[in-house]
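So the chains spell out like this:
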Amino acid sequence: HCSPVLLPDGNILIIGGTPDEDFRPRQDTNAVLAVELYNPTSNTWSVLGSLTTPRVYHSTALLLPDGRVWISGSNYNCEMGMNKRELRIEIFSPPYLLSDNSRPTIDSISSETIGYGENFEIDFSSADAINKVAIIRCSSITHGFNFDQRYVALDFSTDATTLTCVSPPNGAIAPPGVYMLFIINQNNIPSEGKFIAIE
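These numbers were taken from a predicted model, which means no experiment stands behind them.

## Considering the sheet that holds strand 9 (residues 113-114)
Then, number 1: Within the open sheet, the eight strands sit side by side as 8-10-15-14-11-16-17-9. Their pairing is mixed. Edge strands, defined here as strands with exactly one partner in the open sheet, are strand 8 (105-109) and strand 9.
Then, number 2: The sheet contact formed by strand 14 (residues 151-159) and strand 15 (residues 162-166) spans five bridges and is antiparallel. What sits directly across from Ser157, in strand 15, is Thr164.

Pasting the structure below:
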């Protein structure tokens, strides 16, 4: 019952969980505290640090617009009843926030509501070239499962300080809804996210 979180750089952060098949009794005893990162490009795993609190059943991990991950919840001792819930919150900073390189900045977006297959523009500031533009669907998570995550890289061209991007072609690629828009530079460091609606 771990919580995977799609990150703006395309990697996946794995938070919490337990190896127990029966997660109900004393699940805090065998909780996984290691925070792991999966890189789908290189198909590699790495351990980034450790949680201070067990995060198992009824836990939540959500991407914040600034690129950090908000971690909360856990029914960490079911032997004591459903009212024994974890109330402490943790904030985890992925490696891209610890880099000495500067982050790119989204200065403005030509529209906050974008249709399918439409061109839109992003005015940006960056010391380094932009390597990727991506949208991440805002999450909906319950019981440690986040079924609604979606990461979509967008086609784009660049002209000085303006990116011309093409929105997803249809709802099969990006269902209608609210997404966070990120630009990622050549050092794989993302901007802060901006909310847009796809419809």
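Here the narrative resumes, following the displayed structure.
## Re the pairing of strand 6 (residues 69-73)
Then, number 1: Among the five residues of strand 6, four are classified as buried, and the element is accordingly described as predominantly covered.
Then, number 2: Taken together, the five bridges between strand 5 (residues 59-63) and strand 6 define a ladder with antiparallel strand orientation. When the bridges of strand 6 are listed, Leu62 appears paired with Trp70.
Then, number 3: Between strand 5 and the antiparallel strand that follows it, strand 6, lie five residues; Gly67 among them carries a positive phi value of about 95°.
Then, number 4: By the bridge criterion, four bridges tie strand 6 to strand 7 (residues 89-92) in an arrangement that is antiparallel. Bridge assignment links Val69 to a residue of strand 7, and that residue is Phe92.

## Examining the side chain of Thr162
Then, number 1: Position of Thr162 among the secondary structure elements: in strand 15.
Then, number 2: Those residues within four positions of Thr162 in sequence are excluded, and the remaining contacts are Glu121, Ile122, Asp123, Phe124 and Ser157.

## Focus on the environment of Ala129
Then, number 1: Topologically, Ala129 is positioned in the loop between strand 10 (119-125) and strand 11 (130-137).
Then, number 2: Residue class for Ala129 comes out partly exposed when judged on its relative accessible area of 45%.
Then, number 3: Sequence separation between Ala129 and Ala160 is 31 residues; the distance between their C-alpha atoms is 9.7 Å.
Then, number 4: Excluding residues within four positions of it along the chain, Ala129 makes contact with Asn185 and Gln186.

## Looking at the nonpolar core
Then, number 1: Formed by 19 residues in total, the largest nonpolar core has its most connected members in Ile122, Val133, Ile135 and Leu181.
Then, number 2: Counting only elements with at least two residues in this core, the list comes to strand 8, strand 10, strand 11, strand 14, strand 15, strand 16 (177-185) and strand 17 (194-198).
Then, number 3: Excluding anything up to four places from it in sequence, Val133 contacts Ile122, Val152, Ala153, Leu154, Phe156, Leu163, Cys165, Leu181, Phe182 and Ile183.
Then, number 4: Core analysis: the second largest hydrophobic core is formed by 18 residues, Leu63, Ile71, Ile136 and Phe182 among them.

## Describing the side chain of Asp66
Then, number 1: Structurally, Asp66 can be placed in the loop between strand 5 and strand 6.
Then, number 2: One polar contact links Asp66 to Arg68, side chain to side chain, over a distance of 2.7 Å.
Then, number 3: Contacts of Asp66, omitting those with residues within four sequence positions, involve Leu97, Arg103 and Glu192.

## So, the sheet that holds strand 1 (residues 3-6)
Then, number 1: Read across the sheet, four strands follow the order 1-2-3-4 without closing on themselves; strand pairing throughout is antiparallel. Taken across any chain shown, the strands that pair with only one partner, and hence form the sheet edges, are strand 1 and strand 4 (44-50). On average, each strand axis in the sheet is inclined to that of its neighbour by 25°, with strand direction left out of account.
Then, number 2: With six bridges joining them, strand 3 (residues 34-39) and strand 4 adopt antiparallel strand pairing. When the bridges of strand 4 are listed, Ala34 appears paired with Ser50.

## Here's the deal with unusual backbone geometry
Then, number 1: Located in the positive-phi region is Asn43, a residue other than glycine, with phi close to 55°.
Then, number 2: Checked against the element boundaries, Asn43 lands in the loop between strand 3 and strand 4.
Then, number 3: Residue Ala160 is not a glycine yet carries a positive backbone phi of 60°.
Then, number 4: For Ala160, the location among the structural elements is in the loop between strand 14 and strand 15.
Then, number 5: Judged by relative accessible area, Ala160 falls into the exposed class, the value being 66%.

Procedures and definitions
- Residues numbered from 1 in each chain as written.
- Predicted model: local features only at pLDDT ≥ 70, side-chain atom pairs only at ≥ 80, totals over all residues.
- Heavy atoms only, no water.
- Pairing = 2+ DSSP bridges.
- Helix = DSSP H or I, 4+ residues; strand = E, 2+ residues; numbered from the N terminus.
- Buried < 20%, exposed > 50% of the residue type's maximum accessible area, 1.4 Å probe, protein only.
- Contact = heavy atoms within 4.5 Å.
- Core = buried A, V, L, I, M, F, W, Y, C linked by side-chain atoms within 4.5 Å.
- Polar contact = N/O pair within 3.5 Å; in protein donor to acceptor, adjacent residues only side chain to side chain.
- Axes fitted to C-alpha atoms, helices over the stretch in contact; angles between N-to-C directions.

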